[in-house]
Structure formats: structure tokens, C-alpha cells
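Analysis of the macromolecular model
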Amino acid sequence: MKLEFDSLVRRLVHAARGLAFVFWIYFLPVAARDLIAWRIPGATLPSAFGGGPPGPALALGGAALVLGALVVILYTRRSPGGAEPTRLLRADGRFARDLGLGLGLGGVAATLVVLGMLARGVAHWQGVSPSLAGGPGAFLGLALLLAVQSAHEELGFRGPGLRELTRAASFPLAALFLAGSFALLHAANPAMSARGALGILLAGAALAGLVRRTGDLALAIGAHMGWNVALGQIWGAPVSGFTLSPRLFDVAYDGAVRWTGGAFGAEASLPGIVILGAAALLAWGRPPSRIGPDDAPS
């Protein structure tokens, strides 16, 4: 009986740690970022996404990302049990290769969704966007802002919080809980819908599966970045309710909402849900390949 009680206490401690890490890594830095951004003209994310100068939002987002990354680095210096875990963030060649691979996978997935819409006739290519007239600096600045935002979300929802909640329960429960929380985080986004929430949930599940397979955050961060940049800046589709500017191409997504996702974008579309669901199945379908000792449930 005592052993069962001790196990329950350990699981509760891990659950509390997991939720605390999500708060410290993501929510607290983002709250500080947004409080400062509202006092600086043009520093909010909607302003930067809509064509405003990305510099102020990028500076604040970068600071929030650095704070979150510091917590992740400190966490993975040693596991709760004293064993050395697989580091979630590293500076080596394999991490860089996985990050690049993730960028490609995310970009390909987003492109497949858009090509499906074009083939279906619910989207129509209109040519190179005049929003590029501002020059490459604004385009690259916005891409970097998307990358920073994507990386911070992965640190918060697929980093130490996922590891600790896995130790508290199991990987499927932890991954789905955090993916659901990730979907709820988007509830305030423009044009959010039930299909949009499902798409975000599937995306979170797929990203968690990538972290489980590799043991670190590189592939998931890259995939998240690649999806957002390709979808919003290359193909001009809304990204979770935000239409980005500048972008490379203008595409009219004027077909049925169930096929285009409407103003919320591809995550709420049938092609997007199919692609994200398939990605989740593929990511979860193979056993972990590089997992540290702190990834197993207690």
C-alpha cells in the first residue's frame, strides 16, 4: 500500500512540475511580452502579421523565446532522478540537420494542402503578391518572427512539460492534453472554429510524436516553422486566423469553407485535417529512436 501511495505522490509531483514548466516557459514570458507590446506602437503580433514593421514584435518575441529557452536548458542539465537525460536543446550538427529536415517536412505538408485546394478548384493562384514591394527585409523579418513564435510554442508545449506529464501518466495522455491545451490557446484567434480546433489538436499531436521519436525539439521546431512560413508567406493562406503580409504569392481561397478553412486557414480545412492527421499517425506509428531516461513514465 505504501508503494502505491508513494507512486501516486511521485506522479502528482511530476504532473505539477509539468504544468509549472508550461507556465514558466510559455505563458509567463508571453504575458510579459504582450504587456510591453501594447505600450509600443506596432509591437503586437497582429500588427506585425498584417504588414507592420516586424522589428518591435521580433525583439519582444525573441526576448520571450530566450527566457523560455533558458528554463529548458536548465531543466535538461540533469533529470529529476539524477540521470543525464537527452537534451531537448543542443548546439550540434544533428540538431541542425533535424531542424532543417523539419523545415522541409513542414513546408512540404503545407504545400500539399494548398496544392490539394488548387486541384479541387476551391483556391485560385493570382500571381506574385504586390505586398513584396516593401523589399526582402520585411519578408525575411516576418519569416524570422514566425520562426521565433513557432519555436517558443514548441518549448512550452513539447518541452519539459511533455516530459514531466509523461512521467506522471503516459505519453499519449500527456501529448493529447498538451495538444488540446495548444488548441485552446488559439481560441481567441480570428475565425476560430471546431474544425480549426481539431486541426490544431492534430498538429500538436504530430509535433509531440516527433519529439518522442527523436528525443529533442529540433524536428518539431523545424516542422512548425516550415508549416507556418510556407502556408502564410509562400502561399498566402491564413495561418490560424491571420493573413500575413508581405507574402510571395496571392492565392484566392474562395471555395467552400470546409475545403479552404475559411478565414482561419488550412488547419480548419478538410485537406489540412487529413494531412495533419496522417502526420500524427506517422509520427506516433514508429517507436522512439533517441530517448533519454527521463522520458519513460515513473
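Along each chain, numbering runs from 1 in the same order as the chain's sequence is written. Note on the predicted model: pLDDT of at least 70 is required for a residue's local features to be given, and 80 or more for side-chain atom pairs to be given and counted; whole-chain, interface and lining totals, by contrast, use all residues. Hydrogens and water are ignored here; the side-chain numbers use all heavy atoms of the structure.

What follows is about the overall build of the chain. The helix and strand inventory of the chain stands at 11 helices and two strands. When the elements of the chain are put in sequence order from the N terminus, they spell out α-α-α-α-β-α-α-α-α-α-β-α-α. Within these notes, the globule rule equals 2.2 Å times the number of residues to the 0.38 power, and the radius of gyration is based on C-alpha atoms. Taken against the 2.2 N^0.38 rule, which gives 19 Å for 298 residues, the C-alpha radius of gyration of the chain at 19 Å falls within 12% of a compact globule. C-alpha atoms of the chain, sized along the principal axes, occupy 65 × 40 × 35 Å. For every residue, the accessible area (1.4 Å probe, protein chains only) is compared with the maximum for its type, and the residue is labelled buried under 20%, exposed over 50%, or partly exposed between those bounds. By residue count, 51% of the 298 residues in the chain fall in the buried class. Note on definitions: a residue-residue contact is assigned when non-hydrogen atoms from the two residues lie within 4.5 Å. Counted over contacts in the chain with a minimum sequence separation of 6, partners at least 24 positions apart contribute 77%. The positive count covers Lys and Arg only, the negative count covers Asp and Glu only, and His and the chain ends enter neither. Throughout, a charge is located at the NZ atom of Lys, the CZ atom of Arg, the CG atom of Asp or the CD atom of Glu. Measuring between centres, the 23 positive side-chain charges of the chain sit 2 Å from its 15 negative side-chain charges. Note on conventions: DSSP H or I runs of at least 4 residues are helices, E runs of at least 2 residues are strands, and numbering of each starts at the N terminus.

Turning to the side chain of His152, a few remarks are in order. Along the chain, His152 turns up in helix H5 (residues 136–158). Of note is the side chain of His152, whose polar atom sits 2.7 Å from the backbone oxygen of Ile25. When sequence neighbours within four positions are dropped, the list of residues in contact with His152 reads Ile25, Tyr26, Pro29, Val30, Ala64 and Leu65. Under this definition, polar contacts are N or O atom pairs within 3.5 Å; protein pairs additionally need one hydrogen-donor-capable and one acceptor-capable atom, and for neighbouring residues in sequence, both atoms have to be side-chain atoms.

A word on the pattern of salt bridges. Side-chain pairs of opposite charge can arise where the charged atoms are in close proximity. Between Lys or Arg on one side and Asp or Glu on the other, a salt bridge is scored when a side-chain nitrogen of the former is within 4 Å of a carboxyl oxygen of the latter. One pass over the full model with this rule turns up seven salt bridges. The residue Arg158 makes a salt bridge to Glu154 at a minimum N-O spacing of 2.7 Å. Taken together, the residues Arg158 and Glu154, both in helix H5 and four residues apart, mark about one turn of the helix. Judged by relative accessible area, Glu154 falls into the buried class, the value being 0%.

Our focus in this paragraph is helix H8 (residues 194–214). The end-to-end C-alpha distance of H8, which contains 21 residues, comes to 31 Å, matching closely the 30 Å that a straight helix rising 1.5 Å per residue would cover. Remark: Gly215 follows H8 within two positions and exhibits a positive phi of approximately 85°. Here the expected length of a helix is defined as 1.5 Å per residue gap, with one fewer gap than residues.

So, about the packing of aromatic side chains. For any pair of aromatic rings, geometry is given as the distance between the ring centres together with the angle between the planes. Whether two aromatic rings pair depends on their centres lying within 6.5 Å, for rings of Phe, Tyr and Trp, where Trp uses its six-membered ring; planes under 30 degrees apart make the pair stacked, over 60 edge-to-face, and the rest tilted. This structure, assessed with the given rule, holds 10 aromatic pairs. Ring centres of Phe23 and Trp24 lie 5.8 Å apart, and the angle between their planes is 80°; this geometry places the pair in the edge-to-face category. Here Phe23 falls in the partly exposed class, since its relative accessible area comes to 40%. Taking the centre distance of 5.0 Å and the plane angle of 50° together, the rings of Phe171 and Trp284 count as tilted. Separated by 113 residues along the polypeptide, Phe171 in helix H7 (residues 171–185) and Trp284 in helix H11 (residues 270–285) bring together distant segments of the chain.

Turning to the layout of surface pockets, a few remarks are in order. Counted as a void, the largest pocket has a volume near 1,100 Å³. Contributing to the lining of the largest pocket are 47 residues, with Glu153, Phe182, His224, Trp227 and Asn228 lying nearest its centre. When residues are grouped by polarity, Ala, Val, Leu, Ile, Met, Phe, Trp, Tyr, Cys and Pro land in nonpolar, Asp, Glu, Lys and Arg in charged, and all others, Gly among them, in polar. Broken down by class, the residue content of the lining of the largest pocket amounts to 34 nonpolar, eight polar and five charged. Buried and open spaces are told apart on a 1 Å grid over the protein atoms alone, a cavity being a set of points where a 1.4 Å probe fits but cannot get out and a pocket being an open set with protein on both sides within 12 Å along at least five of seven lines. Residues with an atom within 4 Å of a point are the lining residues. Grid points are joined across faces, edges and corners, and a volume is the space filled by probe spheres set on the points.

Within the secondary structure, Ala252 is located in strand E2 (residues 249–252). Taking C-alpha positions, Ala252 is 8.5 Å from Gly236, a pair spaced 16 residues apart along the chain. Look past the residues within four positions of Ala252 in its chain and what remains in contact with it is Val122, Ala123, His124 and Gln126.

So yeah, pure geometry; function would need other evidence.
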